[in-house]
Each structure stands twice: as structure tokens, then as C-alpha cells.
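Below are the chains, spelled out letter by letter.
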Protein chains: 2
Amino acid sequence: MKKIVIADDHPMIRGALALSLAATTAFGKIEVLETSTLDELFERLTESGGADLVLLDLRMPGVNGFEGLLTLRARFPSTPVVVISALEDPRLVAEALALGAAGFIPKSTPRHEIVRALNLVAAGEIYAPTHLMGLSMPSATDRVDAEFAQRLSSLTPQQRRVLKLLGTGKLNKEIAYELDIAETTVKAHVSSILHKLNVYSRTQAVVRARRLHLSSFADIAEV
Amino acid sequence: MKKIVIADDHPMIRGALALSLAATTAFGKIEVLETSTLDELFERLTESGGADLVLLDLRMPGVNGFEGLLTLRARFPSTPVVVISALEDPRLVAEALALGAAGFIPKSTPRHEIVRALNLVAAGEIYAPTHLMGLSMPSATDRVDAEFAQRLSSLTPQQRRVLKLLGTGKLNKEIAYELDIAETTVKAHVSSILHKLNVYSRTQAVVRARRLHLSSFADIAEV
DNA sequence: GAGCCAATTGTACTTTGGTACGAGACCGGA
DNA sequence: TCCGGTCTCGTACCAAAGTACAATTGGCTC
């Protein structure tokens, strides 16, 4: 009995995906859970210790972009994640796959194609629509971004929080206050972050992280 | 005899604008100069000490985005600038006006409307297409951005170069080497930049500057 | 020439930032 | 139970960042 979680804030999409899952044979018997928020998704996964597959919408209330995928991959590295997206930008596809997604399914995909995609993923393959793959030759910057995304995914949750605050230009002292930890600890985190991201200053870390479409950096809090 | 400069890298656009200018009565007798690069524009303006009007394309070879407008406003504050753009994003309009543009004319504008716009500007009014104004209420962040853009425009050319390098995450030492000046001087510039931008760390300066769509920050140099 | 401003540099200083090493607490898995 | 990883924190140290003050140069304008 495989456990599959659909995480999408739109009930209609969830329903459509559930239908496709029902038509997918490769998983055998399945149990489908639906969540409409990221927090709920993590609750479910934490309770049950992961799942056999997660269908994750890129755009969810609270956290948009790749933040969710990043966190998901960090906390449940062994759980395959298929990204569902309304956008069909080839760069998004490349980025999602670089972050360890097992597939990328645009919402416009016809159902029989979705079923085929899920069967592929069930078999351990990686699915992405061909028309979004060939065109975007992995350029130099894309590869750099992908590598950086990989590094980003190696951050621990707390380190990600620190990086998020770094991204607003805050001082170590301010970060310490906001997270209610000692400044020493913040320094330890920052130091570790810099090593993991392979940069040598907080400013570089922020600049590089901002290049990815992480929601954490899309909406900077007021000063 | 009013001196008007058209700065656009596309000859066809320059021609169309020149025609519209010829049909504009409010300026009286005019002399029209055309330039295809930003550098050439600045040469002309420096020679003649400004102009009575500049029609500036947002996208020019070398420097895209608002960089040119920013520099123009900084070096020739008394010269009115009308922004010409192929893009019609309301946010671009708001930003251009915040930076002191006297008008915003999309390239899709019909000629009679362009003439009307130029007449308005000649009369000291500010022109922007109504369909790009009403929708984007000046939100809180927009106002913050506009204020920050104002501050940005107060930077000197050299300070702008330093900020650009700051935006790539470089150390003072590296910036000094690239600009071939002493690290002390870089520090002096950075310090001045921070004051002018009203922030207290380089990282904040970078984060805030990147929120604007300045080309300097669009294409980060290789590491 | 006087005055203004950008740019440059120096010295000296304080504050942040970042590294290195060690260590205790907690937690989940083997 | 032991092991590994995360989070925590301290001390100590060095490098980078940032400030303050002062001074020189050069170009510009009035």
C-alpha cells in the first residue's frame, strides 16, 4: 500500500490529480492524502515519516516558488517529489529537476499524459515534458544555478531561516534577536552556510540565493 | 530653438519619434539630434550642456533598464526625460516617474497620441498612458521603492560603479583592484553610499538596490 | 581667483563578520 | 545503548567593514 500526498491549494486540481492517480497502475494499491497548505503537508509527512510520492504545486499559499521543494527535499530526501506547475518556463523545469524533483508536470498536461508520467516516476524514472526540455540547453549560468540550488538544499532548516534573514540585510545581532538565540550561534550558522554555499561573504550568499526564484527572497519584509 | 535628443538604438523608432516631434507645435522651432548609444547621448549632452528634452529608450545596447535614466537624471537634473519603452508594465511606469521621468510612452502608442504626449511634456506636464496608471495603486512597497530610487539617483557615477560591484558580492579589496583605486577610497565610497541610501550595511544596500530592475544587477558577472 | 564638488588617499579607530576549537543538550535511528 | 546530526553557546582570534577627520588634486562655475 503506497502512500501518496497531493499538495495543492486548488481543490479542482487535487481532484484531477487524484483521478489520474487512480488510473495509474504502476503503484499498485495506493492511499491518497490531500493537503492544501505546505504546513499541513509537513505535518502529515512528519506524522507518517515520509511518503512514497508527493505531488507538489509550486504555487501554494504562504510559500511560493521553490521554497517548498527545497525544504521538502531537505527534510524528506528519500521521498520522490513531482512538481506540478501552472507555469511552463523551461528554466523552471531545469531548476526543479536540479533541486531533485522526480518530475515536472504542467497543469495543462492531458490526463493520459499525466498517467504516463506517474507510471514513469513509479518506475524510478524522471519525467519532464519534452517540449520544455530540448529548447533550453543547459547554459553556463543555468548549470551554476543548478549547482547552487543543490548546495542550498543541503542547508538545515535553521540555517535556511538564518539565510532568509540574511536576505533582508539584517545584522547577526538582529538575526539573533529574531530567532531568540545567541549571536555566537548565528555566526556559527552563517559560517556553516557560507561553507555549504561555497561563498566567502554573506553578501555573496544573498546575491546568489536571490538569483533563484525562492519566495523567501521575493517578498522582503518591510525595513 | 529647442534642442531635443532622441536616444534609441533602433533607427525605425528614431524616425517615428522624429516624425511625431515634427508634428508637435508646443516646442516651437526645434533641433533634433539622434543617438544610438548611451555613451553617445552623454557625449552630446556634455558638449552642449544638456538639452531641452531627451527621448530615452529603456532598452539600449550596453545598459538596459533604468540605469541610463538614473545616470541621466543625476548628471543633467534639469533636462526633462521622456522614457520610451517596448514594455508596458505599470510598475515600470511608476518606477520611471519616480525616478523623475517627465513621461512614459510605450512604443505601441499611436502617433497622434505621441504628439499629444509631447505637447503635454512641453507644457511642463507629465504624461503616462492612463491604462497603465489606474490599476497600479501606489502600494506601500512602491512608495518605498520610489523613495529608494530617488536616493539612488543621488549617487555619483563612481559611487554607482562601486554599488554595481557591491551587487556582485565583491569585497572592498576586490572592488579596489577592479577600479584601480585604494581600498581606503572604496571604503569612503561605500560609507557615502550607505549614508545616501539610508542603510547600515552593504548587504542591505545590495538587497534594496536589487529590488529595482536596474540592469546593473540583472546580469551578475561570473564569480 | 574664490568656491564647490567629485575623487582620491592616508591614519586611526570601532564595530561586524567570519573562523577555529571545544563542548553540552537533544533526538532519532541502528 | 551508542552513534550521528542539529542546535546551542562560549572563548579567542583575525579579517573585513565602516566611521571620522584631514588633506590634496582637478574640473567646474560664478
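Refer to the structure printed above.
This text gives an overview of the structure that appears in the document. Predicted model, so just to flag it, every value in this text is computed and none were measured.

This part covers the pairing of strand β3 (residues 53-57) of chain B. In regular strands, side chains alternate between the two faces of the sheet. All names here are of chain B. Burial analysis of β3 places 5 of its 5 residues in the buried class, the great majority of the element. Alternating residues of β3 divide into Leu53, Leu55 and Asp57 and Val54 and Leu56, and every residue in both groups is buried. Relative to β3, strand β1 (residues 2-7) is paired through 4 bridges, and the arrangement is parallel. When the bridges of β3 are listed, valine 5 appears paired with valine 54. Pairing of β3 with strand β4 (residues 81-85) involves 4 bridges; the strand directions are parallel. Bridging across to β4, aspartate 57 finds its partner in isoleucine 84.

Residue and element names in this part refer to chain A. Applying the stated rule across the entire model yields 12 salt bridges over all chains. Taking the shortest distance from any N to any O, the salt bridge between glutamate 113 and arginine 116 comes out at 3.2 Å. In this pair, glutamate 113 and arginine 116 both sit in helix α5 (residues 111-122), 3 residues apart, roughly one turn of the helix. Between glutamate 178 and lysine 170 there is a salt bridge; the shortest N-O distance is 3.5 Å. Residue classification places glutamate 178 among the partly exposed positions, given a relative accessible area of 46%.

Here we come to the relation of the copies chain B and chain A. Mapping chain B onto chain A is achieved by rotating through 177 degrees and translating by 0.0 Å along the same axis, at an RMSD of 0.4 Å. Considering both components of the superposition, the chain copies are consistent with a two-fold axis. Residue threonine 203 of chain B, judged by its C-alpha, is the member of chain B lying nearest the rotation axis, at 2.7 Å. Here 100% of the interface residues in chain B have copies in chain A that are interface residues too; the copies meet face to matching face.

For the rest of this paragraph, the subject is the packing of helix α7 (residues 157-166) of chain B against helix α9 (residues 183-197) of chain B. Residues and elements named next belong to chain B. Where α7 contacts α9, the axes come no closer than 10 Å and their chain directions differ by 90 degrees. One element, α7, and the other, α9, form an angle in the roughly perpendicular class. Across from Gln158, Gln159, Val162, Leu163 and Leu166 in α7, the residues of α9 making contact are His189, Val190, Ser192, Ile193, Lys196 and Leu197. Of the residues assigned to the contact of α7 with α9, the class counts are 6 nonpolar, 4 polar and 1 charged.

A word on the sheet that holds strand β4 (residues 81-85) of chain A. Residues and elements named next belong to chain A. Taken together, 5 strands build an open sheet; the order of strands is β2-β1-β3-β4-β5 and the sheet is parallel. The open sheet has two edge strands with one neighbour each: β2 (30-35) and β5 (103-106). Looking at each pair of strands side by side, their axes are set apart by 20 degrees on average, direction ignored.

Residues and elements named next belong to chain A. With phi around 60 degrees, aspartate 180 is a residue other than glycine that occupies positive phi space. For asparagine 198, which is not glycine, the phi torsion reads 60 degrees and is therefore positive. With respect to the helices and strands, the residue asparagine 198 is situated in the loop between α9 (183-197) and α10 (202-211).

Turning next to the pairing of strand β1 (residues 2-7) of chain A. All names here are of chain A. Counting buried positions along β1 yields 5 of 6 residues, so the element is predominantly enclosed. The pairing of β1 with β2 spans 6 bridges and is parallel. Counterpart to isoleucine 4 in the pairing with β2 is valine 32. You can see the chain leave β1, run along helix α1 (residues 11-22) and come back into β2, and the turn it takes is right-handed.

Another point: the protein's contact with DNA strand D. DNA strand D sits among 18 residues. The nearest are Thr156, Ala182 and Thr184 of chain A together with Ser191 and Arg202 of chain B. Looking at DNA strand D alone, sugar and phosphate atoms form 69% of those within 4 Å of the protein. With respect to DNA strand D, the backbone of alanine 182 of chain A contributes an N or O atom lying 2.7 Å from a phosphate oxygen. Within the contact set of DNA strand D, a phosphate oxygen lies 3.3 Å away from a side-chain nitrogen or oxygen of lysine 173 of chain B. Put simply, the parts of the chain that give the surface near DNA strand D at least two residues each are α7 (157-166) and α9 of chain A together with α8 (172-179) and α9 of chain B. Of all the elements, α9 of chain B adds the most residues to the surface near DNA strand D, at 5 residues. By residue class, the composition of the surface near DNA strand D is 6 nonpolar, 9 polar and 3 charged.

Calculation rules
Once a new chain begins, its residue numbering starts again from 1 and follows that chain's sequence as written. Chains and ligands are labelled sequentially in the order written, the chains with letters from A and the ligands with numbers from 1. Residue-level local features of this predicted model are given only where pLDDT is at least 70; pairs of side-chain atoms are given and counted only at 80 or more, and the full residue set underlies all totals for whole chains, interfaces and linings. To obtain the side-chain values, all non-hydrogen atoms of the structure were used and water was disregarded. Relative accessible area decides the class of each residue, using a 1.4 Å probe on protein chains only: under 20% of the type maximum gives buried, over 50% gives exposed, and in between gives partly exposed. Only runs of H or I of at least four residues qualify as helices and only runs of E of at least two qualify as strands under DSSP, and these elements are numbered from the N terminus. The rule for pairing is simple: two strands pair if DSSP sees at least two bridges between them. Every case where a carboxyl oxygen of Asp or Glu lies within 4 Å of a side-chain nitrogen of Lys or Arg is listed as a salt bridge. What sets the superposition is a least-squares fit of C-alpha atoms, and only residues with pLDDT of at least 70 in both copies go into it. Whether two residues are in contact is decided by their heavy atoms, any of which lying within 4.5 Å being enough. Between N-to-C directions, angles cover 0 to 180 degrees, with each direction set by a line fitted to C-alpha atoms, over the stretch in contact for helices. Angle categories are assigned with fixed cut-offs, so that under 35 degrees is roughly parallel, over 145 is roughly antiparallel, 65 to 115 is roughly perpendicular, and the rest are oblique. Ten residue types, Ala, Val, Leu, Ile, Met, Phe, Trp, Tyr, Cys and Pro, are classed as nonpolar, four, Asp, Glu, Lys and Arg, as charged, and the remainder, Gly among them, as polar. Handedness of a crossover: with both strands directed away from the viewer, a clockwise path from the first strand across the helix to the second marks it as right-handed. Neighbouring residues are identified by heavy atoms, a residue being near a molecule or strand if any of them is within 4 Å of it. Between N or O atoms, a polar contact is any pair within 3.5 Å; within protein, one atom must be a potential hydrogen donor and the other a potential acceptor, and residues adjacent in sequence are included only when both atoms are from side chains.

Everything listed here is a matter of coordinates, which is why it stays silent on function.
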